[in-house]
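An overview of the molecular structure
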Amino acid sequence: PGCALAGTLMGAGDVIAQQLVEQRGLHGHHGRRTLKMMAIGCCFVGPVVGGWYRVLDRLIPGTTKAVAVKKMVLDQ
């Protein structure tokens, strides 16, 4: 599930970048680039980041605001 979500978010981010930031328009959209970003999100970013967050959960257990701040500081 994390893999598919990461791929979807990275693909959506690329579409936003191409259409709103670069203003390519539909005819100028690089579909292969979007698919590449989705694949990177699904095959690399999702598993790596998901694994890192599992490590953080083991290192700093809990759900309080203080725990969240500690996790954020360690993540940075």
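An unreviewed UniProt entry lists the protein chain under the name Mitochondrial inner membrane protein Mpv17, from Centropus bengalensis. Quoted straight from UniProt, the Sequence similarities (unreviewed entry) entry for the protein chain says "Belongs to the peroxisomal membrane protein PXMP2/4 family." The record in UniProt for the protein chain states the following under Subcellular location (unreviewed entry): "Membrane".

1. Side note on the side chain of Lys-71
Structurally, the position occupied by Lys-71 is in helix H3 (residues 65-75). Lys-71 gets classed as buried once you look at its relative accessible area, which sits at 16%.

2. So, the UniProt feature "transmembrane region" (unreviewed entry) in the protein chain
In the numbering used here, UniProt assigns the "transmembrane region" (unreviewed entry) feature to residues 34-53. Structurally, residues 34-53 comprises 100% helix and 0% strand, and the distance from its first C-alpha atom to its last is 26 Å.

3. Focus: unusual backbone geometry
The phi dihedral of Gln-23 falls on the positive side, at around 50°, and the residue is not glycine. Note that Gln-23 resides in the loop between helix H1 (2-21) and helix H2 (31-59).

4. Some points on the environment of Thr-8
As for its position among the elements, Thr-8 is in helix H1. For Thr-8 and Leu-59, which are 51 residues apart along the polypeptide, the C-alpha to C-alpha distance reads 29 Å.

5. Side note on the state of the cysteines
On inspection of all chains with the given rule, the structure shows one disulfide. Disulfide pairing is shown between Cys-3 and Cys-42; the S-S distance is 2.3 Å. For the disulfide bridge between Cys-3 and Cys-42, the dihedral angle about the S-S bond is near 90°, and by the sign convention the bridge is right-handed. Of this pair, Cys-3 sits in helix H1 while Cys-42 sits in helix H2, placing them 39 residues apart in sequence. Its relative accessible area of 27% is what places Cys-3 among the partly exposed residues. Distance from the sulfur of Cys-43, which forms no disulfide, to the nearest cysteine sulfur (Cys-42) is 4.8 Å. The class for Cys-43 is exposed, based on a relative accessible area of 64%.

The rules behind each value
Residues numbered from 1 in each chain as written. Predicted model: local features only at pLDDT ≥ 70, side-chain atom pairs only at ≥ 80, totals over all residues. Heavy atoms only, no water. UniProt positions renumbered as here; feature names shortened; annotations may be inferred. Helix = DSSP H or I, 4+ residues; strand = E, 2+ residues; numbered from the N terminus. Buried < 20%, exposed > 50% of the residue type's maximum accessible area, 1.4 Å probe, protein only. Disulfide = S-S within 2.5 Å.

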